[in-house]
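Analysis of the macromolecular model
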Amino acid sequence: MDNTKRPQHHNPNTLNIRAGKRLRDPLDYHHPYDSMRRYAELLALRHDSTRTRHSYYRAMRLVHEHFGADPATLGEDHFRDYLLHVKTRKGWKPKTIRQTAACARLFFVEMLGCAEWKLFSQLRIRDHDELPAVLTREQVARLLGAIRLRRYRIPVKLIYCAGLRLSECLSLTVNDIFGDGGKLMVRGGKGHKDRMVPLAPEMVQDLRRYWAFHRHPVLLFPNAGRGPCSPDNLAERMRRARSPMPLGSLQRLVVVARNELGLPDATVHTLRHSFATHLVEAGASLHTVQALLGHKQITTTMVYLHLTHRSDQDSRALVERLTQGLPR
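Cut-offs used in this document
Residues numbered from 1 in each chain as written. Predicted model: local features only at pLDDT ≥ 70, side-chain atom pairs only at ≥ 80, totals over all residues. Heavy atoms only, no water. Axes fitted to C-alpha atoms, helices over the stretch in contact; angles between N-to-C directions. Helix = DSSP H or I, 4+ residues; strand = E, 2+ residues; numbered from the N terminus. Parallel < 35°, antiparallel > 145°, perpendicular 65-115°, else oblique. Left-handed = near helix turned anticlockwise from the far one by under 90°. Contact = heavy atoms within 4.5 Å. Nonpolar A, V, L, I, M, F, W, Y, C, P; charged D, E, K, R; others polar. Expected span 1.5 Å × (residues − 1). Buried < 20%, exposed > 50% of the residue type's maximum accessible area, 1.4 Å probe, protein only. Arc of directions from axis to C-beta. Salt bridge = Lys/Arg side-chain N within 4 Å of Asp/Glu carboxyl O. Phe/Tyr/Trp six-rings, centres within 6.5 Å; stacked < 30°, edge-to-face > 60°.

1. Considerations on the packing of helix H12 (residues 268-281) against helix H13 (residues 286-293)
As a packed pair, H12 and H13 sit with axes 10 Å apart at the nearest point and diverge in direction by 155°. By the angle class used here, H12 and H13 are roughly antiparallel. Relative to H13, the crossing made by H12 is right-handed. Between H12 and H13, the residues in contact are Arg272, Phe275, Ala276, Leu279 and Val280 and Leu286, Val289, Leu292 and Leu293, respectively. For the contact of H12 with H13, the residue count by class is eight nonpolar, no polar and one charged.

Structure, rendered in structure tokens:
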């Protein structure tokens, strides 16, 4: 971090800097059918993200496993039966069904050269109107207070104060914090997009104290591993860590804290939703919140209008003004 001499124990090129499970490229999978090998190659040409290629490949793998046959031998009626099965029997969510249909169209129409199936134009699947859970500012403070170990509390606090995704937070390096300018750089977020997020001076000081404890040359939130929990032993393990803190560590701690406080809907990602909602309540524009969260579409950000206490109060006041003076 800024203006701080860092110890040099690791070659950064040998570290696993990205948090979370590292997915294999579908090109390296064992392909039960030649059509799946060709599909993996098409995905590599079409998409840069390994996670996206993995998701698309998995969708077609579930199809051929369901029928126990080479997917290249299946027809439109087979796939219609499959969609009916996952929708009515499996209870898949609309987003998952739409993605499955998109994967199938890429496989059958674009790769195999089949004629455009009528099924794809007939498919009408709307999202359920589900609003994400949001905590009040007082509940956020209580939740953070219930996470007693600082090495867990500080990253959870940062997720709320900067609106980060869990993997974005734990993948941060010391070079991503611009303390003197009060900014944080999120590199390679969703969609491989970078973005700059403002940081409050208090949060910058928390991060500096956190780093000063372990002094890892690269990682901001290194994996503590297992072993004696004395401060010296803990700091030494964190200083020599080869990877960031596991995602599950924070997820489990938040579950423990929410159960203690009786907040059944609280997850790590709830803090990101709460950050956005509280910004809108404070008067931030939707375009500002969109940029801070890294949303591609403004429609994704607009959900927070429906979650704010401020919007409820404004609409109530407007209705009251419209009603005043009308004949009774």
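2. Concerning helix H11 (residues 247-261)
Counted at 1.5 Å a residue, the expected span for H11 with its 15 residues is 21 Å, and the 22 Å between its end C-alpha atoms agrees. Every buried residue belonging to H11 is among Ser249, Leu250, Val254, Ala257 and Arg258, and all of these are buried. Viewed end-on, H11 has its buried residues packed into an arc of 155°, placing them on one side of the element. Exposed side of H11, more than 90 degrees from the buried face: Arg252, Val256 and Asn259 are the residues found there. Buried residues along H11 sit against helix H6 (137-146), helix H7 (150-162), helix H8 (166-170) and H12. Note on H11: the residue one or two positions beyond its end, Gly262, has a positive phi of about 70°.

3. Details of the pattern of salt bridges
In this structure the tally under the stated criterion is 20 salt bridges. We note a salt bridge from Glu116 to Arg105, for which the minimum N-O separation is 2.9 Å. Taken together, the residues Glu116 in the loop between helix H4 (94-111) and helix H5 (118-122) and Arg105 in helix H4 connect sequence positions 11 residues apart. Residue Glu116 is classed as partly exposed on the basis of its relative accessible area, which comes to 43%. Between Arg165 and Glu168 there is a salt bridge, with the nearest N and O atoms lying 2.6 Å from each other. One exposure class covers both Arg165 and Glu168, and it is buried. Overlapping salt bridges, with partners in common, bring together Arg46, Arg105, Glu110 and Glu116 in one network.

4. Looking at the packing of aromatic side chains
The final tally for this structure, using the stated rule, is 12 aromatic pairs. With centroids separated by 6.4 Å and ring planes inclined at 55°, the aromatic side chains of Phe79 and Phe108 adopt a geometry described as tilted. A residue pair is termed long-range when its members are at least 10 positions apart, and Phe79 in helix H3 (residues 76-89) and Phe108 in helix H4 qualify at 29 residues. Of the residues examined, Phe108 reaches a relative accessible area of 1% and is grouped as buried. An aromatic cluster of at least three residues, connected via ring pairs, comprises Tyr39, Phe67, Phe79, Tyr82, Trp92, Phe107, Phe108, Trp117 and Phe120.

Everything listed is a geometric property; what it means functionally is a separate question.
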